[in-house]
Amino acid sequence: MKNASGESFAKIILIGEHAVVYGQPAIALPVKSIRLTATLTADSDQRIQSSFYAGSLHGAANTNFAGIADLISALLKHFHASKQGFLLTIDSALPPERGMGSSAACATAVVRAFYAAFDAPLSRAQLLEWTATSEHAIHGNPSGLDAATTSADRPQWFVKGQAPVPIQFPKNGTLVIADTGIAGQTKIAVASVADHLATDPAQTDASIEAIGMATVFAAKALAEDDLLALGEQMDQAQTQLKALGVSNEALDRLIQSAKQNGALGAKLTGSGQGGCMIALATDPTHAAHIRRALRDAGATATWQYDFGEERTN
Ligand code: PMV
(Lines give C-alpha, C1' and ligand atoms only; values in the text may rest on other atoms or scores of the structure.)
Protein backbone atom coordinates (compact mmCIF):
# COMPACT_ATOMS: atom_id res chain seq x y z
CA MET A 1 0.00 0.00 0.00
CA LYS A 2 1.34 3.44 -0.88
CA ASN A 3 0.39 6.79 0.67
CA ALA A 4 -2.65 8.21 -1.17
CA SER A 5 -5.68 10.41 -0.80
CA GLY A 6 -9.24 10.72 -2.08
CA GLU A 7 -11.53 13.69 -2.30
CA SER A 8 -15.27 14.45 -2.39
CA PHE A 9 -17.60 17.42 -2.14
CA ALA A 10 -20.57 18.64 -0.14
CA LYS A 11 -23.87 18.20 -1.91
CA ILE A 12 -26.99 20.29 -2.04
CA ILE A 13 -30.34 18.95 -3.18
CA LEU A 14 -31.90 21.63 -5.34
CA ILE A 15 -35.24 19.85 -5.44
CA GLY A 16 -36.76 16.38 -5.05
CA GLU A 17 -35.61 15.19 -1.61
CA HIS A 18 -37.78 12.58 0.12
CA ALA A 19 -39.87 12.02 -3.03
CA VAL A 20 -36.68 10.56 -4.58
CA VAL A 21 -36.85 7.71 -2.04
CA TYR A 22 -40.18 6.73 -3.70
CA GLY A 23 -38.94 6.79 -7.29
CA GLN A 24 -39.46 10.45 -8.18
CA PRO A 25 -36.58 12.40 -9.77
CA ALA A 26 -34.32 14.83 -7.91
CA ILE A 27 -31.75 17.44 -8.91
CA ALA A 28 -28.64 17.81 -6.77
CA LEU A 29 -25.32 19.56 -7.11
CA PRO A 30 -21.83 19.13 -5.72
CA VAL A 31 -20.49 22.21 -3.92
CA LYS A 32 -16.82 22.13 -4.80
CA SER A 33 -15.86 24.90 -2.38
CA ILE A 34 -16.84 22.64 0.55
CA ARG A 35 -14.71 19.50 0.38
CA LEU A 36 -13.64 16.42 2.27
CA THR A 37 -10.27 14.71 1.89
CA ALA A 38 -9.29 11.24 3.11
CA THR A 39 -5.54 10.62 3.33
CA LEU A 40 -3.93 7.22 3.90
CA THR A 41 -0.39 6.90 5.24
CA ALA A 42 1.54 3.85 6.32
CA ASP A 43 1.36 3.04 10.04
CA SER A 44 1.98 0.06 12.31
CA ASP A 45 -1.65 0.09 13.57
CA GLN A 46 -5.02 0.55 11.86
CA ARG A 47 -5.97 4.06 12.98
CA ILE A 48 -8.42 6.80 12.09
CA GLN A 49 -8.03 10.49 12.80
CA SER A 50 -11.08 12.66 12.09
CA SER A 51 -13.64 14.98 13.64
CA PHE A 52 -16.21 12.16 13.33
CA TYR A 53 -14.11 9.58 15.17
CA ALA A 54 -10.53 9.19 16.35
CA GLY A 55 -9.08 5.84 17.40
CA SER A 56 -8.49 2.31 16.20
CA LEU A 57 -10.49 0.76 13.35
CA HIS A 58 -11.55 -1.98 15.74
CA GLY A 59 -12.79 0.54 18.36
CA ALA A 60 -15.17 2.21 15.88
CA ALA A 61 -17.79 -0.56 16.24
CA ASN A 62 -20.91 0.84 17.94
CA THR A 63 -19.89 4.45 17.26
CA ASN A 64 -21.31 6.88 14.66
CA PHE A 65 -18.35 5.89 12.53
CA ALA A 66 -19.28 2.17 12.47
CA GLY A 67 -20.70 2.34 8.91
CA ILE A 68 -17.48 3.83 7.54
CA ALA A 69 -15.36 1.46 9.67
CA ASP A 70 -17.23 -1.50 8.11
CA LEU A 71 -16.56 -0.02 4.70
CA ILE A 72 -12.82 0.23 5.50
CA SER A 73 -12.75 -3.40 6.68
CA ALA A 74 -14.52 -4.48 3.48
CA LEU A 75 -12.04 -2.49 1.36
CA LEU A 76 -9.07 -4.07 3.17
CA LYS A 77 -10.58 -7.52 2.59
CA HIS A 78 -11.16 -6.69 -1.08
CA PHE A 79 -7.45 -5.86 -1.44
CA HIS A 80 -6.42 -9.00 0.54
CA ALA A 81 -4.85 -6.66 3.11
CA SER A 82 -6.93 -7.16 6.25
CA LYS A 83 -3.84 -6.89 8.46
CA GLN A 84 -2.39 -3.84 6.63
CA GLY A 85 -1.42 -1.01 9.01
CA PHE A 86 -2.54 2.52 8.10
CA LEU A 87 -3.42 5.94 9.42
CA LEU A 88 -6.54 7.34 7.74
CA THR A 89 -6.89 11.09 8.24
CA ILE A 90 -10.17 12.71 7.27
CA ASP A 91 -10.31 16.49 6.85
CA SER A 92 -13.83 17.71 6.31
CA ALA A 93 -15.26 21.17 5.78
CA LEU A 94 -18.77 19.66 5.64
CA PRO A 95 -20.92 20.22 8.70
CA PRO A 96 -22.21 16.78 9.79
CA GLU A 97 -25.98 16.09 9.96
CA ARG A 98 -26.89 19.21 8.00
CA GLY A 99 -28.18 17.63 4.79
CA MET A 100 -24.89 18.19 2.98
CA GLY A 101 -24.16 14.51 2.54
CA SER A 102 -21.24 14.24 4.94
CA SER A 103 -21.53 10.45 5.39
CA ALA A 104 -21.68 9.80 1.62
CA ALA A 105 -18.83 12.28 1.05
CA CYS A 106 -16.77 10.47 3.68
CA ALA A 107 -17.47 7.05 2.13
CA THR A 108 -16.64 8.36 -1.36
CA ALA A 109 -13.30 9.86 -0.31
CA VAL A 110 -12.37 6.74 1.69
CA VAL A 111 -13.07 4.42 -1.26
CA ARG A 112 -11.06 6.68 -3.57
CA ALA A 113 -8.14 6.81 -1.12
CA PHE A 114 -7.99 2.99 -0.74
CA TYR A 115 -8.20 2.37 -4.48
CA ALA A 116 -5.44 4.92 -5.05
CA ALA A 117 -3.33 3.39 -2.25
CA PHE A 118 -3.59 -0.04 -3.89
CA ASP A 119 -3.08 1.42 -7.37
CA ALA A 120 -6.40 -0.02 -8.56
CA PRO A 121 -8.60 1.62 -11.21
CA LEU A 122 -12.03 2.62 -9.86
CA SER A 123 -15.05 3.00 -12.13
CA ARG A 124 -17.94 5.29 -11.20
CA ALA A 125 -20.28 2.26 -11.00
CA GLN A 126 -17.91 0.49 -8.57
CA LEU A 127 -17.59 3.65 -6.46
CA LEU A 128 -21.39 4.00 -6.24
CA GLU A 129 -21.73 0.33 -5.30
CA TRP A 130 -19.27 0.70 -2.40
CA THR A 131 -20.88 3.90 -1.12
CA ALA A 132 -24.41 2.47 -1.46
CA THR A 133 -23.46 -0.38 0.89
CA SER A 134 -22.14 1.97 3.55
CA GLU A 135 -25.04 4.44 3.14
CA HIS A 136 -27.48 1.53 3.64
CA ALA A 137 -25.75 0.67 6.90
CA ILE A 138 -25.88 4.31 8.06
CA HIS A 139 -29.26 5.52 6.71
CA GLY A 140 -31.47 2.45 6.30
CA ASN A 141 -33.18 3.20 2.98
CA PRO A 142 -31.16 5.78 1.07
CA SER A 143 -31.98 6.68 -2.53
CA GLY A 144 -28.29 6.84 -3.49
CA LEU A 145 -28.60 10.52 -4.36
CA ASP A 146 -26.03 11.65 -1.78
CA ALA A 147 -23.40 9.18 -2.98
CA ALA A 148 -24.06 10.08 -6.63
CA THR A 149 -23.66 13.81 -5.99
CA THR A 150 -20.76 13.95 -3.52
CA SER A 151 -18.72 11.94 -6.05
CA ALA A 152 -19.75 14.03 -9.07
CA ASP A 153 -18.21 17.17 -10.51
CA ARG A 154 -21.42 18.46 -12.15
CA PRO A 155 -25.08 18.91 -11.13
CA GLN A 156 -26.98 15.65 -11.46
CA TRP A 157 -30.49 14.54 -12.46
CA PHE A 158 -31.10 11.50 -10.33
CA VAL A 159 -33.69 8.70 -10.28
CA LYS A 160 -33.25 5.87 -7.77
CA GLY A 161 -31.85 2.73 -9.39
CA GLN A 162 -30.72 4.54 -12.56
CA ALA A 163 -27.34 5.97 -13.51
CA PRO A 164 -27.21 9.68 -12.58
CA VAL A 165 -27.24 12.07 -15.55
CA PRO A 166 -25.22 15.34 -15.47
CA ILE A 167 -27.35 18.40 -16.22
CA GLN A 168 -26.43 21.87 -17.36
CA PHE A 169 -27.21 24.79 -15.08
CA PRO A 170 -27.98 28.32 -16.33
CA LYS A 171 -25.30 31.00 -16.47
CA ASN A 172 -27.07 33.26 -13.99
CA GLY A 173 -28.52 32.73 -10.57
CA THR A 174 -26.97 32.22 -7.15
CA LEU A 175 -28.03 29.82 -4.44
CA VAL A 176 -27.68 30.85 -0.84
CA ILE A 177 -27.25 27.97 1.61
CA ALA A 178 -27.95 28.57 5.30
CA ASP A 179 -27.54 26.31 8.30
CA THR A 180 -30.20 26.30 11.04
CA GLY A 181 -27.52 25.03 13.43
CA ILE A 182 -29.83 22.14 14.32
CA ALA A 183 -28.74 18.58 13.55
CA GLY A 184 -31.17 16.67 11.37
CA GLN A 185 -30.95 12.89 11.12
CA THR A 186 -31.66 11.51 7.66
CA LYS A 187 -32.71 8.10 8.96
CA ILE A 188 -35.32 9.61 11.33
CA ALA A 189 -36.69 12.07 8.74
CA VAL A 190 -36.98 9.35 6.08
CA ALA A 191 -38.73 7.07 8.61
CA SER A 192 -41.17 9.86 9.54
CA VAL A 193 -42.24 10.22 5.88
CA ALA A 194 -42.72 6.43 5.75
CA ASP A 195 -44.98 6.77 8.85
CA HIS A 196 -47.00 9.50 7.09
CA LEU A 197 -47.38 7.20 4.11
CA ALA A 198 -48.68 4.40 6.32
CA THR A 199 -51.18 6.59 8.19
CA ASP A 200 -52.34 8.87 5.37
CA PRO A 201 -51.43 7.20 2.06
CA ALA A 202 -53.61 9.34 -0.25
CA GLN A 203 -52.37 12.72 1.00
CA THR A 204 -48.75 11.56 1.30
CA ASP A 205 -48.75 10.04 -2.19
CA ALA A 206 -50.15 13.30 -3.56
CA SER A 207 -47.33 15.28 -1.90
CA ILE A 208 -44.67 12.89 -3.21
CA GLU A 209 -46.06 13.17 -6.74
CA ALA A 210 -46.32 16.94 -6.50
CA ILE A 211 -42.61 17.11 -5.54
CA GLY A 212 -41.84 14.92 -8.56
CA MET A 213 -43.78 17.28 -10.84
CA ALA A 214 -42.04 20.32 -9.33
CA THR A 215 -38.70 18.63 -10.07
CA VAL A 216 -39.63 18.01 -13.71
CA PHE A 217 -40.70 21.68 -14.08
CA ALA A 218 -37.53 22.83 -12.28
CA ALA A 219 -35.41 20.93 -14.86
CA LYS A 220 -37.35 22.68 -17.64
CA ALA A 221 -36.77 26.06 -15.93
CA LEU A 222 -33.02 25.31 -15.67
CA ALA A 223 -32.85 24.39 -19.35
CA GLU A 224 -34.69 27.58 -20.29
CA ASP A 225 -32.63 29.82 -17.99
CA ASP A 226 -35.88 30.81 -16.26
CA LEU A 227 -34.97 31.66 -12.66
CA LEU A 228 -38.46 32.93 -11.81
CA ALA A 229 -39.99 29.59 -12.78
CA LEU A 230 -37.25 27.72 -10.91
CA GLY A 231 -37.99 29.74 -7.76
CA GLU A 232 -41.71 28.95 -8.05
CA GLN A 233 -40.99 25.22 -8.21
CA MET A 234 -38.70 25.46 -5.16
CA ASP A 235 -41.58 27.11 -3.26
CA GLN A 236 -43.97 24.38 -4.46
CA ALA A 237 -41.61 21.68 -3.24
CA GLN A 238 -41.29 23.40 0.16
CA THR A 239 -45.10 23.48 0.57
CA GLN A 240 -45.18 19.72 0.01
CA LEU A 241 -42.15 19.02 2.23
CA LYS A 242 -43.96 20.91 4.99
CA ALA A 243 -47.05 18.75 4.39
CA LEU A 244 -44.80 15.68 4.75
CA GLY A 245 -43.74 16.99 8.16
CA VAL A 246 -40.03 17.40 7.46
CA SER A 247 -39.74 21.17 7.80
CA ASN A 248 -39.53 22.73 11.25
CA GLU A 249 -39.80 26.13 12.92
CA ALA A 250 -36.14 27.10 12.39
CA LEU A 251 -36.26 26.17 8.69
CA ASP A 252 -39.61 27.99 8.25
CA ARG A 253 -38.15 31.13 9.87
CA LEU A 254 -35.13 31.21 7.53
CA ILE A 255 -37.29 30.43 4.48
CA GLN A 256 -39.67 33.27 5.37
CA SER A 257 -36.77 35.68 5.88
CA ALA A 258 -35.26 34.76 2.50
CA LYS A 259 -38.60 35.31 0.76
CA GLN A 260 -39.10 38.65 2.53
CA ASN A 261 -35.70 39.67 1.22
CA GLY A 262 -36.54 38.95 -2.39
CA ALA A 263 -35.52 35.30 -2.82
CA LEU A 264 -37.12 33.87 -5.98
CA GLY A 265 -37.71 30.61 -4.13
CA ALA A 266 -36.67 29.03 -0.82
CA LYS A 267 -36.87 25.56 0.66
CA LEU A 268 -35.20 23.13 2.99
CA THR A 269 -32.44 21.00 1.46
CA GLY A 270 -31.63 17.42 2.42
CA SER A 271 -33.68 15.47 4.91
CA GLY A 272 -34.93 18.47 6.93
CA GLN A 273 -36.13 18.55 10.55
CA GLY A 274 -33.10 20.81 11.02
CA GLY A 275 -30.09 21.04 8.75
CA CYS A 276 -29.91 23.55 5.94
CA MET A 277 -32.18 25.58 3.67
CA ILE A 278 -31.50 27.10 0.26
CA ALA A 279 -32.73 30.33 -1.33
CA LEU A 280 -32.49 31.38 -4.98
CA ALA A 281 -31.07 34.87 -5.63
CA THR A 282 -30.80 36.62 -8.97
CA ASP A 283 -27.07 37.38 -8.65
CA PRO A 284 -24.17 37.42 -6.14
CA THR A 285 -25.06 40.92 -4.81
CA HIS A 286 -28.64 39.87 -4.15
CA ALA A 287 -27.29 36.69 -2.55
CA ALA A 288 -25.04 38.70 -0.21
CA HIS A 289 -28.09 40.69 0.90
CA ILE A 290 -30.09 37.51 1.59
CA ARG A 291 -27.14 35.98 3.48
CA ARG A 292 -27.02 38.98 5.83
CA ALA A 293 -30.78 38.72 6.42
CA LEU A 294 -30.50 34.98 7.12
CA ARG A 295 -27.70 35.51 9.62
CA ASP A 296 -29.90 38.13 11.36
CA ALA A 297 -32.73 35.57 11.37
CA GLY A 298 -30.53 33.05 13.21
CA ALA A 299 -28.57 31.10 10.56
CA THR A 300 -25.36 29.77 12.15
CA ALA A 301 -23.47 29.63 8.82
CA THR A 302 -24.17 30.62 5.22
CA TRP A 303 -22.57 29.75 1.88
CA GLN A 304 -23.08 30.84 -1.67
CA TYR A 305 -23.05 28.91 -4.94
CA ASP A 306 -23.04 30.77 -8.25
CA PHE A 307 -24.57 28.78 -11.11
CA GLY A 308 -22.10 30.33 -13.55
CA GLU A 309 -19.17 28.72 -11.73
CA GLU A 310 -20.46 25.30 -12.70
CA ARG A 311 -20.49 26.18 -16.36
CA THR A 312 -16.81 26.92 -16.40
CA ASN A 313 -15.89 23.73 -14.53
O1 PMV B 1 -30.04 14.84 4.60
P2 PMV B 1 -29.28 14.23 3.50
O3 PMV B 1 -28.25 15.07 2.93
O4 PMV B 1 -28.75 12.88 3.86
O5 PMV B 1 -30.33 14.03 2.27
C6 PMV B 1 -31.24 13.00 2.28
C7 PMV B 1 -32.10 13.02 1.06
C8 PMV B 1 -33.37 12.20 1.22
O9 PMV B 1 -34.08 12.29 0.00
C10 PMV B 1 -34.24 12.72 2.33
C11 PMV B 1 -33.05 10.73 1.52
C12 PMV B 1 -32.41 9.99 0.35
O13 PMV B 1 -31.84 8.93 0.62
O14 PMV B 1 -32.51 10.43 -0.80
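None of these values were measured; they are calculated from a predicted model.

Criteria and cut-off values
- Residues numbered from 1 in each chain as written.
- Predicted model: local features only at pLDDT ≥ 70, side-chain atom pairs only at ≥ 80, totals over all residues.
- Core = buried A, V, L, I, M, F, W, Y, C linked by C-beta atoms within 7 Å.
- Buried ≥ 20, exposed ≤ 12 C-beta atoms within 10 Å, placed from the backbone.
- Helix = DSSP H or I, 4+ residues; strand = E, 2+ residues; numbered from the N terminus.
- Domains from an automatic or database assignment.
- Contact = placed C-beta atoms within 7 Å.
- Axes fitted to C-alpha atoms, helices over the stretch in contact; angles between N-to-C directions.
- Parallel < 35°, antiparallel > 145°, perpendicular 65-115°, else oblique.
- Left-handed = near helix turned anticlockwise from the far one by under 90°.
- Nonpolar A, V, L, I, M, F, W, Y, C, P; charged D, E, K, R; others polar.
- UniProt positions renumbered as here; feature names shortened; annotations may be inferred.
- Pairing = 2+ DSSP bridges.
- Near = placed C-beta within 6 Å.

Caption draft 1: Layout of the nonpolar core. By size, the foremost hydrophobic cluster in this structure holds 94 residues, and its most contacted members are I12, V110, V176, M277 and A279. Broken down by element, the residue count for this core peaks at eleven residues, all from helix α2 (residues 102-117). Formed jointly, this core draws a minimum of three residues from each of two domains, domain 1 (4-165) and domain 2 (169-312). What I12 contacts, discounting residues up to four positions off in sequence, is A28, L29, V31, L175, I177, T269, I278 and Y305.

Caption draft 2: Main features of the packing of α2 against helix α3 (residues 124-139). Direction vectors running N to C along α2 and α3 enclose 140°, while the axes themselves pass 9 Å from each other. In terms of orientation, α2 and α3 fall into the oblique class. α3 is crossed by α2, and the crossing has right-handed handedness. Contact residues: S103, A104, A107, T108 and V111 in α2; L127, W130, T131, S134, E135 and I138 in α3. Here the contact of α2 with α3 is built from residues that sort into six nonpolar, four polar and one charged.

Caption draft 3: Representation of the domain arrangement of the protein. Once the domains are mapped, the protein shows domain 1 (4-165) and domain 2 (169-312). Its C-alpha centre places domain 1 at a distance of 24 Å from the equivalent point of domain 2. Counting residues at the interface gives 27 residues for domain 1, matched by 35 residues for domain 2. Looking at the side of domain 1 that touches domain 2, the elements that each hand over two or more residues are β1 (4-15) and β2 (26-41). A per-class count over the side of domain 1 that touches domain 2 returns 16 nonpolar, seven polar and four charged.

Caption draft 4: A look at the UniProt feature "domain: GHMP kinase C-terminal" (unreviewed entry) in the protein. Mapped onto this numbering, the UniProt entry gives "domain: GHMP kinase C-terminal" (unreviewed entry) at residues 218-298. With 59% helix and 14% strand, residues 218-298 has end C-alpha atoms that lie 28 Å from one another.

Caption draft 5: Representation of the UniProt feature "domain: GHMP kinase N-terminal" (unreviewed entry) in the protein. Under the UniProt annotation, the feature "domain: GHMP kinase N-terminal" (unreviewed entry) is placed at residues 72-149. Helix and strand shares over residues 72-149 are 56% and 9% respectively, and the end C-alpha atoms of the span are 21 Å apart.

Caption draft 6: Examining the pairing of strand β10 (residues 276-281) more closely. Counting buried residues along β10, six of its six residues qualify, which places the element largely inside the surrounding structure. A two-sided burial pattern is seen for β10, the buried positions comprising C276, I278 and L280 on one face and M277, A279 and A281 on the other. Sheet topology note: the strand β8 (residues 174-179)/β10 ladder contains six bridges and is antiparallel. Along β10, the bridge assignment pairs A178 with M277.

Caption draft 7: Summary view of the site of the ligand. G99, P142, S143, G270 and S271 are the nearest of the 15 residues found near the ligand. Residue contributions to the shell around the ligand peak at three residues, all from helix α5 (residues 186-199). Here the shell around the ligand spans two domains, since at least three of its residues come from each of domain 1 (4-165) and domain 2 (169-312).

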